[in-house]
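Residue-level structural notes
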Amino acid sequence: MLDRLQAVEDRYEKLNELLSDPAIINDANKLREYSKEQSGIQDTVEAYREYKSVREQYQDAKQMLEEKLDPEMREMVKEEMGELEEQLENLEGKLKLLLVPKDPNDQKNVIMEIRGAAGGDEAALFAGTLYRMYSRFAEVQGWKTEIIEANPTGLGGYKEIIFMINGNGAYSKLKFENGAHRVQRVPETESGGRIHTSTATVAVLPEAEEVEVEIHEKDIRVDTFASSGPGGQSVNTTMSAVRLTHLPTGTVVSCQDEKSQIKNKEKAMKVLRARVYDKFQQEAQAEYDQNRKAAVGTGDRSERIRTYNFPQNRVTDHRIGLTIQKLDQIIEGKLDEILDALILEDQSKRLQNEED
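Residues numbered from 1 in each chain as written. Predicted model: local features only at pLDDT ≥ 70, side-chain atom pairs only at ≥ 80, totals over all residues. Heavy atoms only, no water.

The condition is simple: UniProt positions are given in the numbering used here, feature names are shortened, and annotations may be inferred rather than shown by experiment.
An unreviewed UniProt entry lists the chain under the name Peptide chain release factor 1, with Peribacillus deserti as the source organism. Regarding the chain, the relevant UniProt record gives this comment under Function (unreviewed entry): "Peptide chain release factor 1 directs the termination of translation in response to the peptide chain termination codons UAG and UAA." In its Subcellular location (unreviewed entry) section, the UniProt record describing the chain reads: "Cytoplasm".

1. Details of the sheet that holds strand 7 (residues 241-246)
Filter applied, for reference: Pairing between two strands is assigned when DSSP locates at least 2 bridges connecting them. Put simply, DSSP marks the helices as runs of H or I at least four residues long and the strands as runs of E at least two long, and each gets a number from the N terminus on. Axes, fitted as lines to C-alpha atoms, cover a helix only where it is in contact. Angles between the N-to-C directions of the axes lie from 0 to 180 degrees.
Taken together, 3 strands build an open sheet; the order of strands is 6-7-8 and the sheet is antiparallel. The open sheet is flanked by strand 6 (220-225) and strand 8 (251-255), the only strands paired with a single partner. On average, adjacent strands in this sheet sit at an angle of 15 degrees to one another, irrespective of strand direction. Where strand 6 meets strand 7, 6 bridges bridge the pair, whose relative direction is antiparallel. Bridge assignment links Val 222 to a residue of strand 7, and that residue is Leu 244.

2. Topic: the layout of surface pockets
Once rolled over the atoms, a probe with the size of a water molecule shows which space is left empty. Quick note on the threshold: Method remark: on a 1 Å grid restricted to protein atoms, a set of points is classed as a cavity if a 1.4 Å probe fits but cannot get out and as a pocket if it is open with protein on both sides within 12 Å along at least five of seven lines; lining residues have an atom within 4 Å of a point. Grid points are joined across faces, edges and corners, and a volume is the space filled by probe spheres set on the points. The nonpolar class holds Ala, Val, Leu, Ile, Met, Phe, Trp, Tyr, Cys and Pro. Asp, Glu, Lys and Arg form the charged class, and all remaining residues, Gly among them, are polar.
By volume, the largest pocket is sized at about 1100 Å³. If you go around the largest pocket, you meet 33 residues; those closest to its centre are Gly 40, Lys 102, Asp 103, Asp 106 and Gln 107. Secondary-structure elements contributing two or more residues to the lining of the largest pocket are helix 3 (28-65), helix 4 (71-99), helix 6 (170-174) and helix 10 (336-355). In terms of residue count, the dominant contributor to the lining of the largest pocket is helix 3 (7 residues). Residue composition of the lining of the largest pocket, by class: 10 nonpolar, 8 polar and 15 charged.

3. Here's the deal with the sheet that holds strand 1 (residues 110-116)
Reading across the sheet, the 8 strands line up as 2-3-1-5-4-9-10-11 and stay open at both edges, with mixed pairing between neighbours. The open sheet is flanked by strand 2 (144-152) and strand 11 (322-324), the only strands paired with a single partner. The sheet shows a mean angle of 15 degrees between the axes of neighbouring strands, direction not considered. In this sheet, strand 10 (residues 314-317) lies alongside strand 9 (residues 304-309) in antiparallel orientation, the contact comprising 4 bridges. Counted as the bridge partner of Arg 306 is Asp 317 from strand 10.

4. Here's the deal with the packing of aromatic side chains
In this description, a pair of aromatic rings is defined by centroid distance and the angle of the planes. The condition that has to hold: The criterion for an aromatic pair is that two Phe, Tyr or Trp rings (for Trp, the six-membered ring) have centres within 6.5 Å, with stacked assigned to planes under 30 degrees apart, edge-to-face to planes over 60 apart and tilted to the rest. Definition used: whenever NZ (Lys) or CZ (Arg) falls within 6 Å of the ring centre and also within 35 degrees of the ring normal, the charge is taken to sit over that ring.
Considering all chains together, one arrives at 4 aromatic pairs under this definition. Aromatic side chains Phe 137 and Trp 143 sit 5.8 Å apart centroid to centroid with 80 degrees between the ring planes, which places their arrangement in the edge-to-face category. Of the aromatic side chains, those joined through ring pairs into one cluster are Tyr 131, Tyr 158 and Phe 163. One residue, Arg 185, lies across the ring of Phe 310, its end atom 4.9 Å from the ring centre.

Okay, here's the thing in structure tokens:
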């Protein structure tokens with residue numbers, strides 16, 4: 001492990017040199033690539049340097065014990081060594097985890113897609129509840145949320161809503177939200193007071209940069225049409241809405257949120273790029289997906305991952321068997337307890353796979 005850590009530190013120092021090279025500074029792609037690589041290993045290097053410092057202190061204390069010391073000083077040195085041993089043990093565990101290969105998408109922005117599934121109007125209302133939950137969570141994190149496409153219902157829900165969350169590490173926090181979310185509550189549309197079960201699906205895609213997935217103009221069919229509101233009525237007489245079809249994969253994206261056709265096309269391209277990137281990545285990383293499946297489920301959008309039980313103020317994540325009696329807080333965006341548990345489970349599984 002120490003040899004690997006030393007190699008990481010050597011690479012970090014080499015990147016420092018490269019990032020000071022005028023030729024690299026003037027090459028935007030290289031500068032971004034090396035800066036991203038350095039940022040990705042910075043935590044590991046800092047922890048390794050701390051480990052080396054603590055280990056050196058431990059060796060110094062151990063050497064002191066070999067000298068002639070009075071009983072009181074000897075006891076103080078032994079006590080210090082005990083504390084340093086504990087620090088070394090904690091740092092070793094941290095370093096083992098830091099050496100586990102990271103998901104290359106962790107620091108990216110995300111595009112989230114929420115759709116009402118089983119349950120009609122109540123499913124659409126629940127999709128709206130989930131959108132507000134994630135929006136409030138993003139706000140607490142200091143992230144920016146931007147709606148790309150929305151298909152609202154007259155009751156205040158959404159048949160479908162697609163939005164972007166811009167923030168460092170957004171994907172690392174939200175990537176396990178993929179799947180079917182189930183709600184158990186008395187619907188606003190139900191006057192009889194009976195508890196209904198409805199579902200909404202959530203898809204989380206990392207934003208793809210142009211350099212990561214190349215989409216040629218000749219492979220895209222662009223259709224324009226007039227924007228429409230709830231019920232299909234026309235709300236815009238200009239042809240500002242845009243539909244993009246990626247011919248090689250059959251991926252289709254529509255956007256009508258903006259009044260400008262150019263802005264709608266820009267937003268649609270972000271979603272299209274993310275979906276195509278997601279498709280290519282899933283095909284190329286079958287082995288990684290299999291490992292992640294063992295950690296927190298497949299993340300498949302048909303898989304029921306979580307239940308929100310309103311009468312009992314309870315949320316259960318079925319993948320890790322976690323139940324929390326704080327539904328009222330969770331739907332206000334306080335998701336950290338659930339997300340941290342999912343991340344910890346994933347880290348533990350990946351560490352186990354690395355050791356095996």
